[in-house]
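Descriptive structure summary
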Amino acid sequence: MAGLSFDLIALQLFAGLALGAIYVLFAIGLSLIFGMLTVVNFAHGAFYMVGAYVGLYLISIGGNFWLCLLAVPLLIGLFGLAVERVLIRPLYGRGIDYPLLLTFGLSYVMVECVRIAFGKTGYPFDTPELLQGAVNIGVGYFPLYRLFVIGATAVVLLALWLFLEKTSFGLIIRAGARDPQIVRVLGVDVSRVWLIVFGIGTAIAGFAGLLAAPLQGVIPEMGGTILAEAFVVTVVGGMGSIGGAVLAGLLVGVVVSMTSLFAPEMAKVSIFALMAIVLIVRPQGFFGRAGLMS
Amino acid sequence: MTKKVTKAGSISRRRLLTTASAGAVLAVSPFRINLLQAQEAPIKIGFPVPLTGPYGAEAQDQVRAGQLAVAQFNDAGGLNGRKAELVVRDDKLNPGEAATRTLELVEKEKVNFVVGSLSAAVQLAINNVTKERGVIFNSISQSDAINEAADFSKYTFHEALNPHMTSGAVGRYAFTKFGKKVAFLTADYAYGHEMVRGFLEVGKEFNIENLGDIRHPLGTTDFSTLLPRLQALKPDILCISNFGRDQQIALKQATDFGIKKSIQIIAPLLSHASRVAAGPQAFEGVVGGCSFFWGIEDKFASTKAFNDAFRKMYDGKLPTDYGALGYGGVRTVLEAVRGAGSVETDKVVAALEALKYDYYKGPQYYRKCDHQSVQSVLVIKSKSKDMKNESDVFEVLSTEEPNEKNLRTCDALGHKS
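Residues numbered from 1 in each chain as written. Chains lettered and ligands numbered in written order. Predicted model: local features only at pLDDT ≥ 70, side-chain atom pairs only at ≥ 80, totals over all residues.

**Quick notes on the domain arrangement of chain B**
Residue and element names in this part refer to chain B. Here chain B is described as being made up of domain 1 (32-161 + 297-374) and domain 2 (164-290 + 378-405). Distance between the C-alpha centres of domain 1 and domain 2: 27 Å. Listed per partner, the contact involves 21 residues of domain 1 and 21 residues of domain 2. For the side of domain 1 that touches domain 2, the elements supplying multiple residues, two or more each, are helix 3 (56-75) and helix 13 (321-340). (Domains from an automatic or database assignment. Contact = placed C-beta atoms within 7 Å. Helix = DSSP H or I, 4+ residues; strand = E, 2+ residues; numbered from the N terminus.)

This is the structure in structure tokens:
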């Protein structure tokens, strides 16, 4: 193969960060829900997939992509609220495996429902016209849409950070995650807090699905592959840590990208090799709190 | 008292389950009336294809067209009144699953023949089972290995093209038109490997320069980390040898990266269903091969007849490439049954070997030594403008007529003459 130039390595690094942004966006919802509720949401991939299908449907009935950026997270968030209220809430306090099994089953139900409603074959999802084509980023051409995804991820992260750190409701959420008993004693309705956290987490999943749709089209199984990768990201970052998910997501993207450059066959394995190394050196992940799983 | 209640409860539940499942089986089977009336069991054709997974779009077309072949056989009176039936199974694109389903088809369903598969690797797993059980298997998916003496048996037939023929036809066209510097992006399994081998072999005649081959696992959803490297190689031609959803995503993302501006993308096979699923943008300008395109109906009466029958059965839809293979695979077997006047394996094998047929795409026949169907290969280009209907997605650039010269020789495959 031809020699490696500086530009190629820089472009590859950038491609890794862009890929990482998608992992981050998917994993923060997962991490948020786990960190606050200790619910391992196996249906996260299914919410992501439904987000893409809702976007597809809205566009088919005359909506546009920009409208979907608002409508999809809203609708998926509402759906998430309903799921929490009806299915997850009765399982609190019963051990971590109950909601895990429930969401695992729920993901199958959701995928099957989408197959029934939209068929087993996928649909194309055109990149919005404004964001088509590639732009020169100094070291080579890069798709404009992927740059947009990086920006959108940054906006979501910023909004989430402001919400959790700078609002009084965010304070209650953080307190509730640390010690729900005391928060309850102080007169706060913790179940309402959890409901909203679950809604936000699923809304972000739906948003991520919508953003992924123009990259790869939509298909009922699209949530499956990314779920495995997102779990690696949350484990590496530390279960329940949003900052950890961000760092780990970007790191996983870069590791995949760099491995692709030198040994493309190993790219998929490299994610899991990274996880193994992190788990050996630091079992709780980058920023994980010990004992959250117990 | 408590004990009694529990016992009664469990019995009623079991009864409920039995009744429900028996009812379901009866309701699902289209032959429930025949079961009661027919004197003879139907001729059963097992049909394992990957209905779920990345090749699902193509597999569904295989089933549709396979059903058409069965319906035509039955409408024409079957085998002296004995009707045929397609027993479809989902092999999930997994060799283990396919072997289990095929064994089940042979042992439990007692199928007379097996037609199907949609993977270079999975069909070998099916072939292993049918070979051992002495059941005829007509494969409708690409593979080179299935022609080779090691995998071949007298029960093995191959209605689909093989990678050697396909890459040969596409290579002979592309290497004279687009340039000599070629880079490859390849799905890392038998199909991809066989295609690249075929391109490199035909490339020798044209002195092509191989700039590199980047391999990706089956079921990849993001190619963004592979594309900058391919672009940096500065090839004239980027040859993408993957299939189904992998092909859709790879072409879409290559388009996003602006690769088409300076590089001609070719693919050994352009799948009709994938082109429809991915939309015109992603496939625009890509050149590749195929075994069948409905548009050749101007040239062959058999194509016209097949298209019309398919349209009639499926609300005006036109058949796709892999659909046509499903049709061809089932129809050849059923025609051989009629010719042999029996479902006895040896007689049907002899009848298949003797067939000179033109059922959907012009003249074809099974070569004696490896049972490969000798047939034409179309070189096509994806359209994005001037489409007459939703199936008008390709333009036929050239046709390689059926010729044994384009196949590997029987000696090279290890068959003793």
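**Side note on helix 3 of chain B**
Residue and element names in this part refer to chain B. Taking 1.5 Å of rise per residue, the 20 residues of helix 3 would be expected to cover 28 Å, and the 29 Å separating its terminal C-alpha atoms lies within 8% of that figure. Where burial is concerned, most of helix 3 is hidden: 14 out of the 20 residues are buried. A positive backbone phi angle near 100 degrees is found at Gly77, which sits one or two residues after helix 3. (Expected span 1.5 Å × (residues − 1). Buried ≥ 20, exposed ≤ 12 C-beta atoms within 10 Å, placed from the backbone.)

**Overview of the nonpolar core**
Formed by 203 residues in total, the largest nonpolar core has its most connected members in Leu25, Phe26 and Val197 of chain A together with Ile45 and Leu238 of chain B. Ranked by residue count, the leading element in this core is helix 1 (residues 6-37) of chain A, at 19 residues. Residues from two domains meet in this core; each of domain 1 (32-161 + 297-374) and domain 2 (164-290 + 378-405) of chain B gives at least three. (Core = buried A, V, L, I, M, F, W, Y, C linked by C-beta atoms within 7 Å.)

**Examining the confidence of the model for chain B**
Residue and element names in this part refer to chain B. A residue-level look at chain B finds 90% of positions with pLDDT of 70 or above and a mean pLDDT of 90. Within the model, the stretch residues 1-11 combines pLDDT values under 50 with zero contacts to residues more than four positions away or in other chains. Confidence drops under a pLDDT of 50 for residues 31-38, and excluding neighbours within four residues, the segment shows five contacts in the predicted structure. What the predictor reports for the complex is a pTM of 0.84 with an ipTM of 0.87. (pLDDT = per-residue confidence, 0-100.)

**Some thoughts on the packing of helix 3 (residues 65-88) of chain A against helix 8 (residues 190-216) of chain A**
Residues and elements named next belong to chain A. One can describe the packing of helix 3 onto helix 8 by two numbers: an axis separation of 7 Å at closest approach and a directional angle of 140 degrees. Classified by the angle between their axes, helix 3 and helix 8 sit oblique to one another. Pair helix 3 / helix 8 crosses with right-handed handedness. Split by residue class, the contact of helix 3 with helix 8 holds 17 nonpolar, six polar and two charged. (Axes fitted to C-alpha atoms, helices over the stretch in contact; angles between N-to-C directions. Parallel < 35°, antiparallel > 145°, perpendicular 65-115°, else oblique. Left-handed = near helix turned anticlockwise from the far one by under 90°. Nonpolar A, V, L, I, M, F, W, Y, C, P; charged D, E, K, R; others polar.)

**Points about the interface of chain B and chain A**
The parts lose accessible area when they come together, and the size of an interface is often stated as this lost area. Contacts between chain B and chain A engage 34 residues on the former and 37 residues on the latter. Only helix 3, strand 7 (209-216), helix 8 (227-232), helix 9 (244-256) and helix 10 (272-278) of chain B provide two or more residues apiece to the side of chain B that touches chain A. Here the side of chain B that touches chain A takes six residues from helix 9 of chain B, the largest share from any one element. In terms of residue class, the side of chain B that touches chain A is made up of 13 nonpolar, 14 polar and seven charged.

**Some remarks on the packing of helix 1 of chain A against helix 8 of chain A**
All names here are of chain A. Where helix 1 contacts helix 8, the two axes come as close as 9 Å, and the packing angle between them is 165 degrees. Taken together, the axes of helix 1 and helix 8 lie roughly antiparallel to each other. Where helix 1 crosses over helix 8, the two elements pack in a sense that is left-handed. Side by side, helix 1 and helix 8 meet where Ile22, Leu25, Phe26, Ile28, Gly29, Leu32, Ile33, Met36 and Leu37 of the first sit next to Trp194, Val197, Phe198, Ile200, Gly201, Thr202, Ile204, Ala205, Ala208, Leu211 and Ala212 of the second. Tallied by class, residues from the contact of helix 1 with helix 8 come to 17 nonpolar, three polar and no charged.

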